[in-house]
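Chain by chain, the residues run as shown.
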Amino acid sequence: MELIFELAIILFASKIAGDICVKLGQPSVLGKLLIGVILGPAVLDLVSDTKTLADLSQIGVILLMFISGMETDINEFKRIWKASIFVGISGIIVPLVSGYLAGILMNMTTFEALFLGLLLSATSVSISVQALKELNKMKSKEGTAILGAAVIDDVLVIIALAFLMSMAGGEVNLSMMIIKKVLFFMGAILVAWKVVPWVLKKFAPLMVTEPLVTGALIICFLFAYAAEITGVAAIIGAYIAGVAISQTEYKLKIFEKVETISYSIFVPIFFTSIGVAVSFDGISKNFGLIIGFSILAILTKLIGAAMGAKIAHFSWKSSLGIGAAMVSRGEVALIIASIGLETKLISQELFAVLVVVVLVTTIVTPPMMKYFFSEGNKQTEMKKTVFSKVDI
């Protein structure tokens, strides 16, 4: 029964904290992240970082990306796919090189320094998705470019990681890993095109409660599982499933019901659980290192991704907004850090530092996006006002 009580606390506190942040002019997701830190073992210890909570959180992030997939404008994506490539690649190169140089300055070996660079190159836009929704940027060309770049980033970083591990003597079959990823994307596209509409059409007439929503969730979880077992992040599989459903006639009905289910329980648990997992042990000892790595992680991703967006002819404000959305490292970086710890490419002490750095990048992402995209909107409104006066 303790879990039931903790869930009640999480849902109540996350909604109140989100509301306070909105009233203060910040995205609600920031409040949900911070309240997790307060509720967790680091402060009040009202909520425990358990496996059950982690599993519920995983469902939350999968559903969040599933919803974002249903909101993606395929036609817009076709128009700016080059921008996603520029943002994704540039957003990898700058953190990779900077992280490598930082590792060399810390007297790391070449492989250790490269691993650090790859870790800093990772991106998880699950937090950014919520900020995009709150800023009404989800269906914009910026939002579409961000989501496309996130897919590219995930695939390239994981392949580069596999290559590095194989070179470092790890038990990694690089060619097999690449084949598995290729098969996943080929299979996902084929299933999304042919099978998904057929499955929903068969589920729709079933004489049971909410057959369409159930069918859609089955598709979402199967895509996420297939992505996970082939080395692609589960959130990418969920996102592709959402895009597939967005092309069917059942999109709106499914979207409304899934959004209600997700934002009522699972998504708030995901946001809050990130903060719950925080530990302040050893922070004072490594405070300088945490500050240094946090600045490096934020600036390199911001500048790298923004450069890619600018090359793709976005305005400076939009470019910086896109760069800010790519800053959060999230669960992708934590998974890579865990691999590094297991293979002794990073020490336990550095691992603890990087966990805090990942949290910092996650927390600063929503307000940074709010700042850059709001400034861009203000400039657009000013231009419209000027033109209107000229017309008059």
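Scroll up to find the structure this text is about.
Residues numbered from 1 in each chain as written. Predicted model: local features only at pLDDT ≥ 70, side-chain atom pairs only at ≥ 80, totals over all residues. Heavy atoms only, no water.

What follows deals with empty space enclosed by the protein. The probe, sized like a water molecule, is rolled over the atoms to show the empty space still left. In total, this model carries one cavity of 30 Å³ or more according to the counting rule given. When its volume is computed, the largest cavity comes out at roughly 50 Å³. As for the largest cavity, its lining consists of M65, T123, S124, V125, A150, D154, I235, I236 and V332. Where the lining of the largest cavity is concerned, the elements lending two or more residues are helix 8 (141–167) and helix 11 (234–246). Class assignment for the residues of the lining of the largest cavity results in six nonpolar, two polar and one charged. (1 Å grid on protein atoms, 1.4 Å probe; cavity = no way out; pocket = protein on both sides within 12 Å on 5 of 7 lines; lining within 4 Å. Points joined across faces, edges and corners; volume = space filled by probe spheres on them. Helix = DSSP H or I, 4+ residues; strand = E, 2+ residues; numbered from the N terminus. Nonpolar A, V, L, I, M, F, W, Y, C, P; charged D, E, K, R; others polar.)

All chains considered together, the criterion is met by three aromatic pairs. Judged by centre distance (5.1 Å) and plane angle (75°), the rings of F184 and F185 are edge-to-face. A relative accessible area of 7% means that F184 is categorised as buried. Where F270 meets F271, the ring centres are 5.2 Å apart and the plane angle is 45°; that geometry is what we call tilted. Considered together, F270 and F271 belong to a single accessibility category, that of buried residues. Directly above the aromatic system of W193 lies the positively charged group of K194, at a separation of 4.4 Å from the ring centroid. (Phe/Tyr/Trp six-rings, centres within 6.5 Å; stacked < 30°, edge-to-face > 60°. Buried < 20%, exposed > 50% of the residue type's maximum accessible area, 1.4 Å probe, protein only. Lys NZ or Arg CZ within 6 Å of the ring centre and 35° of its normal.)

Next up on the list: the layout of surface pockets. By volume, the largest pocket amounts to about 1200 Å³. If you trace the largest pocket, you find 44 residues lining it, with G330, E331, V332, L334 and I335 closest to the centre. Where the lining of the largest pocket is concerned, the elements lending two or more residues are helix 3 (51–71), helix 8, helix 10 (211–229), helix 11, helix 12 (251–276), helix 15 (330–342) and helix 16 (348–391). Per element, the largest residue contribution to the lining of the largest pocket is eight residues, and it comes from helix 15. Of the residues in the lining of the largest pocket, the class split is 27 nonpolar, ten polar and seven charged. The space that makes up the second largest pocket amounts to roughly 700 Å³. Taken together, 25 residues line the second largest pocket, and the ones lying closest to its centre are I74, F77, I189, I240 and V243. Among the elements of the structure, helix 4 (74–79), helix 5 (81–105), helix 8, helix 9 (174–203) and helix 11 are those that each provide at least two residues to the lining of the second largest pocket. In terms of residue count, helix 9 provides more of the lining of the second largest pocket than any other element does, six residues in total. Taken together, the residues of the lining of the second largest pocket break down into 19 nonpolar, five polar and one charged.

Here the focus is the environment of A352. Note that A352 resides in helix 16. Expressed as a C-alpha distance, the spacing of A352 and P41, which sit 311 residues apart in the sequence, is 16 Å.

Positive phi values are uncommon outside glycine, yet E210 reaches one of about 45°. Relative to the elements of secondary structure, E210 occurs in the loop between helix 9 and helix 10. Classification of E210 as partly exposed rests on a relative accessible area of 33%. The residue H313 is not glycine, and still its phi comes out positive at about 75°. On the secondary structure map, H313 appears in the loop between helix 13 (287–311) and helix 14 (316–325).

Okay, helix 5 next. An ideal rise of 1.5 Å per residue puts 36 Å on 25 residues; helix 5 measures up with 37 Å between its terminal C-alpha atoms. Among all positions in helix 5, only A83, S84, V87, G88, S90, G91, I92, P95, G99, A102 and G103 are buried. In this structure, the buried residues of helix 5 make contact with helix 4, helix 6 (110–121), helix 8, helix 13 and helix 14. (Expected span 1.5 Å × (residues − 1). Contact = heavy atoms within 4.5 Å.)

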